[in-house]
Amino acid sequence: SFGVLAIVVRGDLGRLAALAFVPGDIWLQFAFVCWSYYNVLVNRLTVEINPFVAFLAMNLFALPFLSALFGVEILLGMASTPWTIEAIAALLCFGIFASILALVFLNIGIAHIGSARSGMMFNLMPAITTCFAIVLLGGKLEFFHLIGIELIFIGIYLSTAWRRLRSGTRTG
């Protein structure tokens, strides 16, 4: 969306020319494809199974694989996490809120509104991240943030309004 682009380039389209792609970008694109499949499959799965049970099953399936990968990082000396109280608190915070609760609520949302409509909400991530950076990290609110966030909300509104018009559903 144009709002996401406005935030990413910090309001300067000239920054697009300076972008350089790295191997991680390919992994990220692969992750987006996997995420798309996840949304569709969760939509089908949560029709028959409680979203909490589905989430538990996914985590129990993923735990051995992720633990093995973490073990390899430790053995290869690639794990660089300092095990301080702050690091443990951050891991618990991200583990509980950003991982567990976010995915449970995402699964519930997908079950209620479908994968296509819930996928649109991904555009909110730069807006939410911007707000968190300002509130939690003391970041500075810039004009391009406001323009980007406004464009994100306009895009989501127009997309949902277009879907309602096409389906003949009226609100209000």
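Treat the numbers as computed from the prediction; the structure is a model and nothing was measured.

Chemist: Run through helix H6 (residues 124-137), naming residues and quoting values.
Modeler: The first and last C-alpha atoms of H6 sit 19 Å apart over 14 residues, in line with the 20 Å expected at 1.5 Å per residue. For H6, every residue scored as buried is listed here: Leu124, Pro126, Ala127 and Thr130. A positive backbone phi angle near 75° is found at Gly138, which sits one or two residues after H6.

Chemist: An account of the state of the cysteines is needed here, citing residue identities and associated values.
Modeler: The term disulfide refers to a covalent linkage connecting the sulfur atoms of a pair of cysteines. This model, assessed by the stated rule, comprises zero disulfides. Counting only cysteine sulfurs, Cys131 is the nearest neighbor of Cys93, a cysteine outside any disulfide, at a range of 17 Å.

Chemist: Kindly report on the nonpolar core, identifying the contributing residues and their values.
Modeler: Val4, Ile7, Leu124, Ala127, Ile149, Ile152 and Ile156 together form the largest nonpolar core, which totals seven residues. Among the secondary structure elements, those contributing two or more residues to this core are helix H1 (2-8), H6 and helix H7 (143-167). Per-element tally for this core: the top contributor is H7, with three residues.

Chemist: Please provide a residue-by-residue account of the packing of aromatic side chains, values included.
Modeler: What the rule picks out here adds up to two aromatic pairs. Each ring, one from Phe61 and one from Phe65, has its centre 5.4 Å from the other, and the planes form 55°; the classification is tilted. Separated by four residues within a single helix, Phe61 and Phe65 lie in helix H3 (residues 51-75), roughly one turn from each other. The exposed category is assigned to Phe61, whose relative accessible area is 61%.

Calculation criteria
Residues numbered from 1 in each chain as written. Predicted model: local features only at pLDDT ≥ 70, side-chain atom pairs only at ≥ 80, totals over all residues. Heavy atoms only, no water. Helix = DSSP H or I, 4+ residues; strand = E, 2+ residues; numbered from the N terminus. Expected span 1.5 Å × (residues − 1). Buried < 20%, exposed > 50% of the residue type's maximum accessible area, 1.4 Å probe, protein only. Disulfide = S-S within 2.5 Å. Core = buried A, V, L, I, M, F, W, Y, C linked by side-chain atoms within 4.5 Å. Phe/Tyr/Trp six-rings, centres within 6.5 Å; stacked < 30°, edge-to-face > 60°.

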